[in-house]
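# A look at the structure
Here's the letter readout for the chains.
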Amino acid sequence: MTVLTDEELDLQSAVRDILTKKVAPLVAEHERNRTFPWEVLPALHEFGYVRGLVASEDGGDGMSFSQLAILMEEAGRCWGSLRTTLNILTIVPYLISQVGSPEQKARFLPPLLSGARRAWFAMTEPDAGSDAASLRTTARLEGDHYVISGSKIYITNASHADIGIVMATVDRSAGAKGITAFIVDRTESDYQVNDIPHMPVRGTSSCELVFAEMRVPKENVLGEVGRGLSAAMKAINVGRLNMSMGAVGLSQAALEESITFVTTREQFGKPLAGFQLVQEMVVEIATLTQTSRLLGMNAARALDSGEPGRMECSMAKYYCGESANKAASLALQVHGGAGLMEESPVERIFRDAREATIPEGTSQIQILQMGRDLLGVSALR
Ligand SMILES: Cc1cc2nc3c(=O)[nH]c(=O)nc-3n(C[C@H](O)[C@H](O)[C@H](O)COP(=O)(O)OP(=O)(O)OC[C@H]3O[C@@H](n4cnc5c(N)ncnc54)[C@H](O)[C@@H]3O)c2cc1C
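A quick note: this is a predicted structure, and the numbers were derived from the prediction, not measured. All residue numbers refer to position in the chain's written sequence, counted from 1. For this predicted model, a pLDDT threshold of at least 70 governs which residues receive local features, and a threshold of 80 or more governs which side-chain atom pairs are given and counted, while totals over whole chains, interfaces and linings are taken from all residues. Note: side-chain values were computed over all heavy atoms of the structure, leaving out hydrogens and water.

Let us now look at the overall build of the protein chain. Runs of H or I in DSSP of at least four residues are treated as helices and runs of E of at least two as strands, each being numbered from the N terminus. Along its length, the protein chain carries ten helices and ten strands. When we talk radius of gyration, it's over C-alpha atoms, and the globule rule is simply 2.2 Å times the number of residues to the 0.38. The C-alpha radius of gyration computed for the protein chain amounts to 21 Å, which stays within 12% of the reference 21 Å derived for 381 residues, consistent with globular compactness. Structurally, the protein chain occupies a C-alpha span of about 80 × 50 × 40 Å along its principal axes. Residue exposure (1.4 Å probe, protein chains only): buried if accessible area is under 20% of the type maximum, exposed if over 50%, otherwise partly exposed. Counting the 381 residues in the protein chain, one finds 52% classified as buried.

Bringing the domain arrangement of the protein chain into the picture now. Interface size is often expressed as the accessible area that is lost when the parts come together. Its domain assignment divides the protein chain into domain 1 (6-114), domain 2 (119-226) and domain 3 (230-375). For the domain bounds, the source is a domain assignment made automatically or taken from a database. The centre of domain 2, based on its C-alpha atoms, is set 30 Å off from the matching centre of domain 3. Contacts are assigned to residue pairs with any non-hydrogen atoms lying within 4.5 Å of each other. At the interface, eight residues of domain 2 touch eight residues of domain 3. Approximately 690 Å² of surface area, both sides summed, lies buried where domain 2 meets domain 3, with 69% of it carried by carbon and sulfur atoms. By convention in these notes, a salt bridge is any Lys or Arg side-chain nitrogen within 4 Å of a carboxyl oxygen on Asp or Glu. At the junction of domain 2 and domain 3, the tally comes to zero salt bridges. Under this definition, polar contacts are N or O atom pairs within 3.5 Å; protein pairs additionally need one hydrogen-donor-capable and one acceptor-capable atom, and for neighbouring residues in sequence, both atoms have to be side-chain atoms. The interface formed by domain 2 and domain 3 includes two residue pairs in polar contact (both at pLDDT 80 or more). Think of it as three bins: nonpolar holds Ala, Val, Leu, Ile, Met, Phe, Trp, Tyr, Cys and Pro, charged holds Asp, Glu, Lys and Arg, and polar takes everything else, Gly as well. Looking at the side of domain 2 that touches domain 3 residue by residue, the classes come out as six nonpolar, one polar and one charged. The quantity reported as buried area is the accessible area (1.4 Å probe) lost by two parts once they are put together, taken as the sum for both.

A few words now on the packing of helix α3 (residues 65-78) against helix α6 (residues 228-264). Describing two packed helices takes the angle between their axes plus the distance from one axis to the other. In this analysis, axes come from line fits to C-alpha atoms, helices being fitted only over the stretch in contact, and the angle between any two N-to-C directions falls in the range 0 to 180 degrees. Where α3 meets α6, the axes come as close as 6 Å, and the angle between the chain directions of the two elements is 45°. Taken together, the axes of α3 and α6 are oblique relative to one another. The interaxial crossing formed by α3 with α6 has right-handed handedness. Contacts from F65, L68, A69, M72, E73, G76 and R77 of α3 reach α6 at V238, L241, N242, M245, G246, V248, G249, L250, Q252, A253 and E256. Of the residues contributing to the contact of α3 with α6, the split by class is ten nonpolar, five polar and three charged. Note on terminology: angles under 35 degrees are roughly parallel, angles over 145 are roughly antiparallel, angles of 65 to 115 are roughly perpendicular, and the others are oblique. The sense of a crossing depends on the near helix, which, turned anticlockwise from the far helix by less than a right angle, makes the crossing left-handed and, turned clockwise, makes it right-handed.

Moving on: α3. For a helix, the expected span equals 1.5 Å multiplied by the residue count minus one. Over its 14 residues, α3 runs 20 Å from end to end, which matches the ideal 20 Å to within 8%, given 1.5 Å per residue. Among the 14 residues of α3, twelve are classified as buried, and the element is accordingly described as predominantly covered. Among all positions in α3, only F65, S66, L68, A69, I70, L71, M72, E73, E74, A75, G76 and C78 are buried. Elements that come into contact with the buried residues of α3 comprise α1 (6-33), α4 (80-99), α6, α7 (276-304) and α9 (345-355).

Bringing the nonpolar core into the picture now. Buried residues of nine kinds, namely Ala, Val, Leu, Ile, Met, Phe, Trp, Tyr and Cys, make up a nonpolar core once their side-chain atoms join them within 4.5 Å. Grouped together as the largest cluster of nonpolar side chains are 89 residues, with contacts concentrated most on V23, Y49, L82, I96, I165, M167 and L241. Counting residues in hydrophobic clusters, the runner-up holds 19 residues, among them I148, V166, C207 and F211.

This paragraph deals with the side chain of T180. Within the fold, T180 resides in strand β5 (residues 179-185). We classify T180 as buried; its relative accessible area is 0%. Within the structure, the side chain of T180 is placed 3.2 Å from the backbone oxygen of G178, a separation counted as a polar contact. Discounting residues that sit within four places of it in the chain, T180 has contacts with V166, M167, A168, V170, V221, E224, V225, G226 and G228.

Surrounding the ligand, one finds 18 residues, the nearest of these being M123, T124, S130, T362 and Q364. A distance of 2.8 Å separates an oxygen atom of the ligand from a polar backbone atom of M123. Its free accessible area being 970 Å², the ligand has 65% of it covered by the protein chains. Within the residue set of the shell around the ligand, elements represented by two or more residues are β1 (119-122), β3 (145-156) and α10 (363-375). In terms of residue count, β3 provides more of the shell around the ligand than any other element does, three residues in total. Looking at the shell around the ligand residue by residue, the classes come out as ten nonpolar, six polar and two charged. Both domain 2 (119-226) and domain 3 (230-375) contribute no fewer than three residues apiece to the shell around the ligand. Here a residue is considered near a molecule or strand provided that any single heavy atom belonging to it is located within 4 Å of it. Note on areas: Shrake-Rupley with a 1.4 Å probe; residue coverage comes only from the protein chains shown.

Structural data, given as structure tokens:
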């Protein structure tokens, strides 16, 4: 049974077709070399990647969250690194379109939406991860510029992008109310980028950013001074939805690989598919995939209906991420030794699924946020 409308099924089929033809054949080599085929991205923009969520008056496609969810499932099914890359490339223009000034939209949206330039988003710091509001990067106003000092870590693709959004505090004593978002353009602001080697999504980079008295024009404040966290909250549900549906895509890929393997590999004189214990593993992967998809699409539909969608997005992020890990682990078991070999897509899916429970709020943070909303008591601190 599908949860998609006929129009959504058409979108899914068109996107799956282009990803299968243009990206899937490139994955193994780029995964091995830890590189990314940037040249394929502009063609994907035509399907709504990157520009889909931005309103048409701002140069985007004005897509629904449900359509975005489909795009992200398909990206995840194709390659975890593709979904991770497209997540950040989608979030930054969405945020600028939601809270940016007319001048910021006119300056930054066209190059981002066309793919002429790429973006990063920097919140996490060495001492501020889940507790993002405790960040220490500072911004001091000096004449027409803010002077930003501090460092960020694990910033996706910062080494491949030159426009960014950085969260910094203008007043640490004000706590969350001092946090401000700044648009950083590398052509006018100098910062250092260092790669941090990492395990999953090998086609992406995870970077340290070092800001040593970096000067940012004061007109680059995104939204209001002191309202950076509330600006970021505009994108948090989108990030969680993207990650949820990307995890569904990984589970779907794990399922398809498992079905192919068990119907072609024989042991004890018959296909693996004929053994009850093997069937149990494959059916479990299928069940995890479909339940995840239902929760992910439920979150997208909630956002489409204008609801805040906070609980739905947290629940989807938690469940889809954890389920993708279970599904990938089962798929690896189904494949036996072959699943642990780098030539098997399942080896990559297993590593990429491991990412699904950490960024955009870990599984524990999702649980605690849902617990707070359900019970009215915060166990976060
Ligand atoms: C591949 C990847 C890409 C990323 N990309 C970006 C990016 O582009 N931009 C960006 O800003 N960040 C990015 N991040 C950072 C990511 O958002 C953080 O890693 C995440 O928020 C968790 O923070 P942390 O790693 O500091 O873990 P910590 O906050 O130190 O948590 C460690 C463990 O403690 C648990 N924990 C923490 N607090 C509590 C609590 N109150 N109760 C119970 N358990 C708790 C966590 O769930 C986790 O299991 C990325 C991370 C990865 C791995």
